[in-house]
Amino acid sequence: MKFDLKTLRALIAGDRHADRVVPPSGFTAQLTLFASGAMAFLAVFALALSLASGRLADRWGDELARTATIRIVAPQDQRAEQTSAALAVLQTTPGIESARALSDDEQQALLAPWFGQDLPLDNLPVPRLIEIVSQDQGFDPTGLRLRLAAEVPGAVLDDHSRWRAPLVSAANRLRLLGWGSALLILGAVAAMVTLAANAALSANAQVVAVLRLVGATDRYIAQAFVRRFTIRALIGSAGGVVIGLIAVWLIPSGGDAPGILTGIGFQGAGWLVPLALPFISAMVALLATAYAASRALRSLS
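Scope of this entry: the structure provided in the associated data block. (Residues numbered from 1 in each chain as written. Predicted model: local features only at pLDDT ≥ 70, side-chain atom pairs only at ≥ 80, totals over all residues. Heavy atoms only, no water.)

Regarding its fold elements, the chain presents 10 helices and four strands. Counting all 301 residues of the chain, 39% fall into the buried class. Taking contacts inside the chain between residues at least 6 apart in sequence as the whole, the part at least 24 apart equals 85%. Per element, the accessible surface of the chain, about 16,900 Å² overall, is 65% carbon and sulfur. (Helix = DSSP H or I, 4+ residues; strand = E, 2+ residues; numbered from the N terminus. Buried < 20%, exposed > 50% of the residue type's maximum accessible area, 1.4 Å probe, protein only. Contact = heavy atoms within 4.5 Å. Areas by Shrake-Rupley, 256 points an atom, 1.4 Å probe, with all protein chains shown as cover.)

Here it is in structure tokens:
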């Protein structure tokens, strides 16, 4: 079955006499509606995961790219002096927006998940941490390391590059996984619709034979099947998208916490992305049914 402007216009307009070739209810109708609805529901979550992973990758990349840490590893009696020297170096380093030494309470809060709230920092050789926030253009970590090595021997710079790369890579892979899942779901819709169309054509083999005897062309018969199954896929997908959007909307938000499990959802114009799923599913169903109808009609000849 070849598609052109005339064929698409005929599919949109429909023919109530030709539509009677395909049974309006029954197993094939229920299978197509359920399959397209269920797959659209799952596709909404796949898209939500993909978009959330993209936002998380961008957030992690931006935050970690603009921050760095200096550890002052020095004897207790020299730690305060070397901390002040490191802060002085940072104040004259191009590309650094701000730098501050973390207080004992802040460092204790960082170590609390591993060592508990009552960790005695004074009795342990815990290095002093300096938090660095860079400007948009960033700073030269190699040059800063050389300056620190010459002026502050106990300072160790960590620009978070070894942490940023795997985190951003993992989030990007999750984003690709979400889009890949959406494509697999569309493939499953095509397979389901193809099976349903084949079943409907086989069940109506005698009707097809009679239509051929009275002069109906294969194109005319195929259009009836294509239109009916395309409308079923469109209706089922629309229902699945609506239910999926409601389910995503009901997921608790994680607020400002940069967690992927609490950040699944759509934001802003992202809510419009799932609205394209019913039309994409209908197009997939149209192509799958046309293919199935062409093969089935040739086999019934």
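With that settled, consider the packing of aromatic side chains. In total, this model carries one aromatic pair according to the counting rule given. Here Arg232 stacks its cationic end above the ring of Phe229, 4.7 Å away from the centre of that ring. (Phe/Tyr/Trp six-rings, centres within 6.5 Å; stacked < 30°, edge-to-face > 60°. Lys NZ or Arg CZ within 6 Å of the ring centre and 35° of its normal.)

Here the focus is the sheet that holds strand β2 (residues 96-101). Spatial strand order, β2-β3-β1-β4: four strands in an open sheet with antiparallel pairing. The strands lining the two open edges of the sheet, one partner per strand, are β2 and β4 (155-158). Across this sheet, the average inter-strand angle for adjacent strands is 20°, counted without regard to direction. By the bridge criterion, six bridges tie strand β1 (residues 67-72) to strand β3 (residues 128-134) in an arrangement that is antiparallel. Within β3, the position partnered with Thr69 by the bridge is Glu131. (Pairing = 2+ DSSP bridges. Axes fitted to C-alpha atoms, helices over the stretch in contact; angles between N-to-C directions.)

Right, let's talk about the pattern of salt bridges for a bit. Under the criterion given, the structure shown has three salt bridges. In this structure, the salt-bridge partner of Arg100 is Glu106, at a minimum N-O distance of 3.0 Å. For Arg100, a relative accessible area of 37% translates into the label partly exposed. Assessed through its relative accessible area of 30%, Glu106 is described here as partly exposed. Arg147 is the partner of Glu151 in a salt bridge, and the nearest nitrogen-oxygen pair spans 3.8 Å. Taken together, the residues Glu151 and Arg147, both in helix α6 (residues 141-151) and four residues apart, mark about one turn of the helix. Relative accessible area serves as the criterion here: at 47%, Glu151 is assigned to the partly exposed category. (Salt bridge = Lys/Arg side-chain N within 4 Å of Asp/Glu carboxyl O.)

The buried fraction of β3 is high, at five of seven residues. Pairing analysis gives five bridges linking β2 to β3, with the strands arranged antiparallel. Counted as the bridge partner of Ala99 is Ile132 from β3.

Turning to the nonpolar core, a few remarks are in order. With 33 residues, the main nonpolar core has Val44, Ile221, Phe229 and Phe266 as its most contacted residues. Secondary-structure elements contributing two or more residues to this core are α3 (27-65), α7 (161-203), α8 (205-213), α9 (218-250) and α10 (277-299). In terms of nonpolar packing, the next biggest core, distinct from the first, is built from 16 residues, Ala74, Val89, Leu90 and Leu144 among them. (Core = buried A, V, L, I, M, F, W, Y, C linked by side-chain atoms within 4.5 Å.)

Moving on, we get to the packing of helix α4 (residues 76-91) against α6. Remark: α4 packs on α6, axes separated minimally by 10 Å, with the N-to-C direction vectors making an angle of 145°. In terms of crossing hand, the pair formed by α4 and α6 is right-handed. Touching Ala86, Val89 and Leu90 of α4 are Leu144, Arg147, Leu148 and Glu151, all from α6. For the contact of α4 with α6, the per-class residue count stands at five nonpolar, no polar and two charged. (Left-handed = near helix turned anticlockwise from the far one by under 90°. Nonpolar A, V, L, I, M, F, W, Y, C, P; charged D, E, K, R; others polar.)

With that settled, consider the environment of Gly37. On the secondary structure map, Gly37 appears in helix α3. The exposure class of Gly37 is buried, given its relative accessible area of 13%. Taking the C-alpha atoms as reference points, Gly37 and Ser281, separated by 244 residues in sequence, lie 9.7 Å from one another. Apart from the residues lying within four places of it in its own chain, the contact partners of Gly37 are Gly236, Ser237 and Gly240.

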